[in-house]
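Structural overview for review
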Amino acid sequence: MSTAIWVVLALVVVAVLAAAGYLAMTRSRTARLRRRFGPEYDRVLERQGGRAAAERELRSREQRHEELELRELDPRRREEYREQWVRVQERFVDAPEAAVEQADQLVTVVMGERGYPARGFEEKVAHLSVEHGRTMDHYRRAHTISGKAATQEASTEDLRQAMVHYRALFEELLAPHGEAHHGKGEEHAAEHTAGGEHAGRHAAAPTGPAAGQRGDERTMRS
């Protein structure tokens, strides 16, 4: 076999190996981004119209996220915010639209204290989605209902659902580092919707928010 043929074969082998390596790398990257962003990955994919463009957008979010100086809340501040949430929730009985507006404001305040940008909804989503991608659907739904509430187009049930959605992100923002990535916000929202036996005021108890969440349904339906 001539030298030229060996060279061609070698080039073909190198090209095949390079293509296989690239394919494996892109599949690994896609799997990582899907794990990290959850449903937000599919939303960006639909909006961008293609995987390559969507993943460029998500990697850009990661890079911008790295520039943030994020900080955890100390336990005292967590409990103070939970007490504020209980007050907002209690107001829902008499003024549901105002309660939803205050819930949005409280979530935004916590974002700012954590170090996230607190202006522009899409900008907030872009930064939050890097660590809270699985909760962004809650936040988007709450934001949509808040817009309807501002024009008196939201029903009481819509407003109750907005509180559930805001609570999901609120709990994730309050969670210590490392706990927000395991769907805890969504678990809280599900428990929140299911109702329970304890008064909502118990959410501020130092033993944790779970007991208070079981009373959220009763408080808002009262």
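Residues numbered from 1 in each chain as written. Predicted model: local features only at pLDDT ≥ 70, side-chain atom pairs only at ≥ 80, totals over all residues. Heavy atoms only, no water.

1. Considerations on the packing of aromatic side chains
- Tallying each qualifying case throughout the model produces 3 aromatic pairs.
- An angle of 25 degrees between the planes, with centres 5.0 Å apart, marks the rings of Trp85 and Phe170 as stacked. Residue Trp85 is located in helix H4 (residues 75–91), and its partner Phe170 is located in helix H8 (residues 156–174); the two are separated by 85 residues in the primary sequence. Taken individually, Trp85 and Phe170 each receive the classification buried, so the pair is uniform in this respect.
- Taking the centre distance of 6.5 Å and the plane angle of 65 degrees together, the rings of Tyr139 and Tyr166 count as edge-to-face. Residue Tyr139 is found in helix H7 (residues 136–150), and its partner Tyr166 is found in helix H8; the two are separated by 27 residues along the sequence. (Phe/Tyr/Trp six-rings, centres within 6.5 Å; stacked < 30°, edge-to-face > 60°. Helix = DSSP H or I, 4+ residues; strand = E, 2+ residues; numbered from the N terminus. Buried < 20%, exposed > 50% of the residue type's maximum accessible area, 1.4 Å probe, protein only.)

2. Here's the deal with the pattern of salt bridges
- Summed over the entire model, instances satisfying the criterion amount to 20 salt bridges.
- Where Arg78 meets Glu72, a salt bridge forms, and the shortest distance between an N and an O atom there is 3.4 Å.
- We classify Arg78 as buried; its relative accessible area is 11%.
- Look at Glu72 and you get partly exposed, because its relative accessible area is 44%.
- A salt bridge links Glu171 to Arg82; its shortest N-O distance comes to 3.5 Å. Highlighted residues: Glu171 in helix H8 and Arg82 in helix H4, separated in sequence by 89 residues. Of the two residues, Glu171 and Arg82, neither departs from the other in class, the shared state being buried.
- Ionic contacts of the salt-bridge type, sharing partners, join the residues Glu40, Glu57, Arg61, Arg64, Glu122 and Arg140 into one network. (Salt bridge = Lys/Arg side-chain N within 4 Å of Asp/Glu carboxyl O.)

3. Section: the packing of helix H6 (residues 121–132) against H8
- One can describe the packing of H6 onto H8 by two numbers: an axis separation of 12 Å at closest approach and a directional angle of 70 degrees. By the criterion of interaxial angle, the relationship of H6 to H8 is roughly perpendicular. Pair H6 / H8 crosses with left-handed handedness. Listed contacts from H8 to Leu128, Glu131 and His132 of H6 are Leu169, Glu172 and Leu173. (Axes fitted to C-alpha atoms, helices over the stretch in contact; angles between N-to-C directions. Parallel < 35°, antiparallel > 145°, perpendicular 65-115°, else oblique. Left-handed = near helix turned anticlockwise from the far one by under 90°. Contact = heavy atoms within 4.5 Å.)

4. Digging into H6
- Buried residues dominate H6, accounting for 10 of its 12 residues.
- Turning to H6, its buried residues number three or more, namely Phe121, Lys124, Val125, Ala126, His127, Leu128, Ser129, Val130, Glu131 and His132.

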